[in-house]
Amino acid sequence: MNTQARGGAIVTGAARGIGREIAAGLVADGFGVIIADVDQTAGEATAAALTAEGGGEAVFVRVDVTDRASVKAAVEACRARFGSLRVMINNAGFNKPEPFLEITEKTWHGILEVNALGVLIGIQEAGKAMIADGIKGKIINTASIAGRTGFADFAAYSVSKAAVISLTQAGARALAPKGITVNAFAPGVVATPLWEQLDKDLYAMGASAAPGEAMNSLASQILLGRVADPKDVVGTVKFLWSEQSDYMTGQVLLIDGGMVLQ
Ligand code: NAD
């Protein structure tokens, strides 16, 4: 498929995990996709693998979402290579658990910088490019169930994801007059390298009795009885980038197997 015709998309944090699966869905849909990640080795390998799968094309651009200049450069690369930026997925994020009473300023600032400021910068730079090109684009942010309910051992992360929900609402209000929609999806527990690390960290800090136990205990609270595979979230995100969701903006869709009901 001609990626110029379908247009361009950027997925931050797409070298692996949820972002990689979303990027694979966009490539399969014929988009030209910028794999925007701090991890150059994994990002280049992902771009090559997704391009080989066919459909559109994936290209790696090194991006740190907290660095506005690098986000702008990715937006410019997308416009230059694929003619436009139609879909922006602000997905990069991380977690570092700490007991509530011991959360440090370093953890707070580190998590808020990537997970919240990174999303603000992504919405801003994508929004400016879409407005300049007259594109009624789709901006989609990765929130989390932790943005809907606070977790004691992930308080800074929970705040950062509540911030993603607020930025989705504020961005939707700001960009609606230009025909640009801003929505979010909120996964529950997804089996990715992020969760492998989280499980190890929770065990190391004594919050779980054995490796794997933290994830198993959360899984027992999921109505559908299992944690998610990254592929489980792609259908909903695809809906959000498609014209099927044109009349939706400022919304957050939970994809958590029925873990948080609100
Ligand atoms: P992951 O750790 O597997 O992948 C995250 C990717 O983001 C990595 O490739 C990493 O290099 C990249 N990244 C990290 N910091 C970056 C930065 N400053 N700039 C650019 N790239 C950066 O994680 P994942 O599980 O795929 O998580 C993706 C998103 O989904 C995150 O926002 C996460 O908070 C959210 N989420 C994950 C889960 C889960 O259970 N895995 C649940 C809810 C929400």
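Residues numbered from 1 in each chain as written. Predicted model: local features only at pLDDT ≥ 70, side-chain atom pairs only at ≥ 80, totals over all residues. Heavy atoms only, no water.

Draft legend 1. A look at the overall build of the protein chain. Across its full length, the protein chain holds nine helices and seven strands. Taken against the 2.2 N^0.38 rule, which gives 18 Å for 262 residues, the C-alpha radius of gyration of the protein chain at 18 Å falls within 12% of a compact globule. Here the protein chain holds 262 residues, and 53% of them are scored as buried. Excluding contacts between residues fewer than 6 apart, the proportion of contacts in the protein chain whose partners are at least 24 apart in sequence is 72%. In the structure as shown, the protein chain presents an accessible area of about 11500 Å², 54% of it carried by carbon and sulfur atoms. Charge centroids of the protein chain, computed over 22 positive and 26 negative side chains, lie 8 Å from each other. (Helix = DSSP H or I, 4+ residues; strand = E, 2+ residues; numbered from the N terminus. Rg over C-alpha atoms; globule rule 2.2 N^0.38 Å. Buried < 20%, exposed > 50% of the residue type's maximum accessible area, 1.4 Å probe, protein only. Contact = heavy atoms within 4.5 Å. Areas by Shrake-Rupley, 256 points an atom, 1.4 Å probe, with all protein chains shown as cover. Lys, Arg positive; Asp, Glu negative; His and termini not counted. Charge placed at Lys NZ, Arg CZ, Asp CG, Glu CD.)

Draft legend 2. Representation of the site of the ligand in the model. Around the ligand there are 28 residues in total, and R16, D37, Y157, T192 and W195 lie nearest to it. In the environment of the ligand, an oxygen atom lies 2.8 Å from a nitrogen or oxygen atom belonging to the backbone of I18. T192 is positioned with one of its side-chain polar atoms (N or O) 2.5 Å from an oxygen atom of the ligand. Bound to the protein, the ligand loses 94% of the 830 Å² it would expose on its own. A majority-of-atoms criterion places the ligand in the largest pocket. Looking at the shell around the ligand, the elements with two or more residues in it are α2 (17-28), α6 (155-175) and α7 (193-204). (Near = heavy atom within 4 Å. Polar contact = N/O pair within 3.5 Å; in protein donor to acceptor, adjacent residues only side chain to side chain. 1 Å grid on protein atoms, 1.4 Å probe; cavity = no way out; pocket = protein on both sides within 12 Å on 5 of 7 lines; lining within 4 Å. Sits in = over half its atoms within 2 Å of the grid points.)

Draft legend 3. Summary view of the sheet that holds strand β1 (residues 8-12). Strand order across the open sheet formed by seven strands is β3-β2-β1-β4-β5-β6-β7, with parallel pairing between neighbours. The open sheet has two free edges, formed respectively by β3 (57-62) and β7 (252-255), since each of these has just one partner strand. Looking at each pair of strands side by side, their axes are set apart by 20° on average, direction ignored. Inspection of the sheet shows strand β2 (residues 32-37) paired to β3 by six bridges, in the parallel sense. Across the sheet, the residue bridging to A36 is V61, located in β3. The strands touched by α2 are β1, β2, β3, β4 (87-90) and β6 (181-187); relative to β1, the strand with the most contacts, the crossing angle is about 170°. In this fold α6 packs onto β5 (138-142), β6 and β7, with an angle of close to 160° to the strand it touches most, β6. (Pairing = 2+ DSSP bridges. Axes fitted to C-alpha atoms, helices over the stretch in contact; angles between N-to-C directions.)

Draft legend 4. Inspection of empty space enclosed by the protein at higher detail. The tally for this structure, following the rule as stated, stands at one cavity of 30 Å³ or more. The wall of the largest cavity is formed by K96, E98, I103, T107, I111, D153, F154, A155, A156 and Y157. At the level of elements, α5 (105-133) and α6 are the ones that each hand at least two residues to the lining of the largest cavity. Broken down by element, the lining of the largest cavity gets its largest block of residues, three residues, from α6. Considered class by class, the residues forming the lining of the largest cavity number six nonpolar, one polar and three charged. (Points joined across faces, edges and corners; volume = space filled by probe spheres on them. Nonpolar A, V, L, I, M, F, W, Y, C, P; charged D, E, K, R; others polar.)

Draft legend 5. View of the domain arrangement of the protein chain. Parsing the protein chain into structural domains produces domain 1 (3-188 + 229-255) and domain 2 (189-227). Every contact between the two is made by 17 residues of domain 1 and, on the other side, 14 residues of domain 2. Between the two partners, domain 1 and domain 2, sit one salt bridge. Run the count over domain 1 and domain 2 and you get one residue pair in polar contact (both at pLDDT 80 or more). For the side of domain 1 that touches domain 2, the residue count by class is eight nonpolar, four polar and five charged. (Domains from an automatic or database assignment. Salt bridge = Lys/Arg side-chain N within 4 Å of Asp/Glu carboxyl O.)

Draft legend 6. Seen up close, the packing of aromatic side chains. Tallied over the full model, the rule gives three aromatic pairs. Arranged with centres 6.4 Å apart and planes meeting at 80°, the rings of F31 and W241 form a pair that is edge-to-face. Residue F31 is found in the loop between α2 and β2, and its partner W241 is found in helix α9 (residues 231-241); the two are separated by 210 residues along the sequence. Of the two residues examined, F31 and W241, each falls in the buried class. Relative to Y157, the ring of F154 has its centre 6.4 Å away and its plane inclined at 90°; by these criteria the two rings are edge-to-face. (Phe/Tyr/Trp six-rings, centres within 6.5 Å; stacked < 30°, edge-to-face > 60°.)

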